[in-house]
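# Residue-level structural notes
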Amino acid sequence: MSLDNNLESKYDDPYQVPIMVANEKNLKGYGTIVTDFEKEKVEIAPWPVSGKRKLHPGTGSLGGTRSGEFICKWEVDACQAINKGVDDTVYITGRLPTGIQIQNRTHLLVREANYHPDGGQVFFPRDKDPFIALLALPGDDVKPEDFVAFYFDGSFGIQMYTNIWHQAVIPINDRSVFLTKQAASYACVDVDTIDEFGKYLSVPLKL
């Protein structure tokens with residue numbers, strides 16, 4: 001995400017994403033609660049076929065998984081993420097709206113999300129830090145109003161299912177480290193709500 005054109009006054013009013021406390025019931029369809037990172041098995045989706053012929057049994061899902069630390073931190077008004085399970089690239093996941101104080105972060109402006117067609121992704125808070133997961137159900141016709149923010153108190157993590165739209169988890173604290181693992185193919189399909197809808201997603205950081 002680039003900060004160069006991150007002036008929200010250029011665009012329509014941000015979509016105000018609703019927030020709810022994550023629990024087993026309301027996460028149904030989005031993912032599953034993770035209480036033991038080591039024992040959690042990553043969902044792997046078989047490689048899709050383009051015609052009527054089926055995959056040969058036992059193939060198309062042998063790529064394995066990647067794992068590592070996923071570091072999320074705040075740098076002034078920007079939220080940054082580093083997925084060491086994939087590489088050490090630092091990317092910006094969102095920024096504070098104009099007028100929001102750094103000392104009182106209430107909302108984050110987000111314009112991008114993605115899903116993984118090759119499998120699920122696990123996020124587990126190493127130090128039991130609280131966090132927000134921005135999620136939407138599968139479908140390439142996704143719209144801003146499809147997104148929901150789930151608040152996690154840090155006592156458990158999540159495995160996001162295959163094809164679930166998501167952004168990197170958002171830390172409540174200044175810096176949080178998550179244990180992560182996902183399908184090794186690391187395929188991503190993206191949406192940019194500025195390019196497609198002319199507005200940001202405003203993600204609440206407090207209940």
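Residues numbered from 1 in each chain as written. Predicted model: local features only at pLDDT ≥ 70, side-chain atom pairs only at ≥ 80, totals over all residues. Heavy atoms only, no water.

### Considerations on the pattern of salt bridges
The final tally for this structure, using the stated rule, is eight salt bridges. With a closest N to O distance of 3.7 Å, R95 and D77 form a salt bridge. Of the two residues, R95 sits in strand β6 (residues 90-95) while D77 sits in the loop between β4 (65-75) and β5 (78-83), which places them 18 residues apart along the sequence. Taking the relative accessible area as the measure of exposure, R95 reaches 12% and is therefore buried. According to the relative accessible area criterion, D77 is partly exposed, its value standing at 25%. Among the salt bridges present, the one from D195 reaches R111, with a minimum N-O distance of 3.6 Å. Separated by 84 residues along the polypeptide, D195 in helix α1 (residues 193-197) and R111 in the loop between β7 (107-110) and β8 (112-115) bring together distant segments of the chain. Residue R111 is classed as buried on the basis of its relative accessible area of 5%. When salt bridges with common partners are traced through the structure, they connect E69, R126 and D127 into a single cluster. (Salt bridge = Lys/Arg side-chain N within 4 Å of Asp/Glu carboxyl O. Helix = DSSP H or I, 4+ residues; strand = E, 2+ residues; numbered from the N terminus. Buried < 20%, exposed > 50% of the residue type's maximum accessible area, 1.4 Å probe, protein only.)

### Digging into the side chain of T193
Along the polypeptide, T193 turns up in helix α1. Classification of T193 as buried rests on a relative accessible area of 1%. Within the local environment of T193, its side chain forms a polar contact with the backbone oxygen of K199, the two atoms lying 2.8 Å apart. Excluding residues within four positions of it along the chain, T193 makes contact with V110, R111, G198, K199, Y200 and L201. (Polar contact = N/O pair within 3.5 Å; in protein donor to acceptor, adjacent residues only side chain to side chain. Contact = heavy atoms within 4.5 Å.)

### Re a nonpolar patch on the surface
A cluster of nonpolar residues, W47, V49 and L55, forms a patch on the protein surface that exposes about 290 Å² of accessible area. Among the residues examined, L55 registers a relative accessible area of 33% and is labelled partly exposed. (Patch = residues over 30% accessible without salt bridge, like charges linked within 9 Å, V, L, I, M, F, W, Y side chains within 5 Å. Areas by Shrake-Rupley, 256 points an atom, 1.4 Å probe, with all protein chains shown as cover.)

### Observations regarding the pairing of strand β12 (residues 157-160)
Burial of the side chains of β12 extends over both faces: G157 and Q159 are buried on one face and I158 and M160 on the other. Alignment of strand β3 (residues 31-34) against β12, held across four bridges, turns out to be antiparallel. Paired with G31 across the two strands is M160, which belongs to β12. With three bridges connecting them, strand β9 (residues 121-125) and β12 associate as antiparallel partners. Paired with F123 across the bridge in β12 is I158. (Pairing = 2+ DSSP bridges.)

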